[in-house]
Amino acid sequence: MHLEGSCHCGEVTFSLDSAHPYPYQRCYCSICRKTQGGGGYAINLGGDATTLKVRGRKNISIYHAKMKADGDKRAHRSSAERHFCALCGSGLWLFSPEWPELIHPFASAIDTPLPVPPEHTHLMLGSKAPWVEVEAKPKDQQFDEYPEESIAQWHERLGVTR
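Please read all numbers here as calculations on a predicted model, not as lab measurements. Position numbers for residues start from 1 in each chain and track the written sequence from start to end. Two thresholds apply to this predicted model, a pLDDT of at least 70 for residue-level local features and 80 or more for giving and counting side-chain atom pairs, whereas whole-chain, interface and lining totals are computed over all residues. Values reported for side chains reflect all heavy atoms of the structure, with hydrogen atoms and water molecules removed beforehand.

Describing the packing of aromatic side chains
- Geometry of aromatic contacts follows a simple scheme: Phe, Tyr and Trp rings, the Trp one being its six-membered ring, pair when their centres are within 6.5 Å, and the pair is stacked under 30 degrees between planes, edge-to-face over 60, tilted otherwise. Counted under the stated rule, the structure contains 4 aromatic pairs.
- An angle of 5° between the planes, with centres 3.8 Å apart, marks the rings of Tyr-24 and Trp-154 as stacked. Of the two residues, Tyr-24 is situated in the loop between strand S2 (13-17) and strand S3 (25-27) and Trp-154 in helix H2 (residues 151-157); the sequence distance between them amounts to 130 residues. This pair shows no difference in class: Tyr-24 is buried, exactly as Trp-154 is.
- An aromatic cluster of three or more residues is present, and its members are Tyr-22, Tyr-24 and Trp-154. Numbering of helices and strands starts at the N terminus; helices are DSSP runs of H or I of at least 4 residues and strands are runs of E of at least 2. Three exposure classes are used, based on accessible area relative to the maximum for each residue type with a 1.4 Å probe and protein chains only: buried under 20%, partly exposed in between, and exposed over 50%.

Details of the nonpolar core
- Of all hydrophobic cores here, the largest spans 18 residues; its most connected members are Val-12, Phe-14, Leu-16, Leu-52, Leu-92, Trp-93 and Ile-103.
- Elements with a minimum of two residues in this core: S2 and strand S11 (91-95).
- Looking at which element gives the most residues to this core, the answer is S11, with 3 residues.
- Residues count as neighbours in contact if any of their non-hydrogen atoms are within 4.5 Å of one another. Apart from residues lying up to four places away in sequence, Phe-14 is in contact with Leu-3, Glu-4, Gly-5, Ser-6, Leu-52, Lys-53, Val-54, Leu-92, Trp-93, Pro-105, Ala-109 and Ile-110.
- By size, the runner-up hydrophobic cluster in this structure holds 8 residues, among which are Cys-27, Ala-65, Leu-123 and Met-124. By convention a nonpolar core is built from buried Ala, Val, Leu, Ile, Met, Phe, Trp, Tyr and Cys residues, the set being connected through side-chain atoms within 4.5 Å.

So, the sheet that holds strand S5 (residues 47-48)
- Pairing is antiparallel in the open sheet, where 5 strands are placed in the order S5-S12-S11-S10-S7. Two strands bound the open sheet, and with one partner strand each, they are S5 and strand S7 (60-63).
- Two strands qualify as a pair provided DSSP detects at least 2 bridges between them. Two strands pair when backbone bridges link them, and S5 and strand S12 (residues 102-105) are joined in this way by 2 bridges, in the antiparallel orientation. In the sheet register, Asp-48 faces S12, and the bridge partner there is Leu-102.

This is the structure in structure tokens:
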């Protein structure tokens, strides 16, 4: 599926192709919540990095989250790059050099109508904010950390790969 997205002010627009466009995965970690999730979580999609086209790239800033595991004395910088519009602050996509073939656009930045997922995966619930209520439906899966099932595997399991 071809996706088009933009920031709020319109100074950055982008497009890419996605075989995994269902916005099903809700991440409640503190990084997603604080950088992207006004409702207490963020939703990433899966996209083909080789198809990414960007207009307004000069207006993009990149954030590398600082991460500190329990017991660590110091925080370390995440290799994942969160791309934002430097003018309006809209989150656009995440890129990780660990998976260079993938781009993970934030569903909130996509302008193309997305398909409604038949179920959701709620992940990183172990670090969700206490005020966040998880609105899980009967078929939804819930995980305190990351599930083993990838975005691609979820789409394949449900037969919704495009």
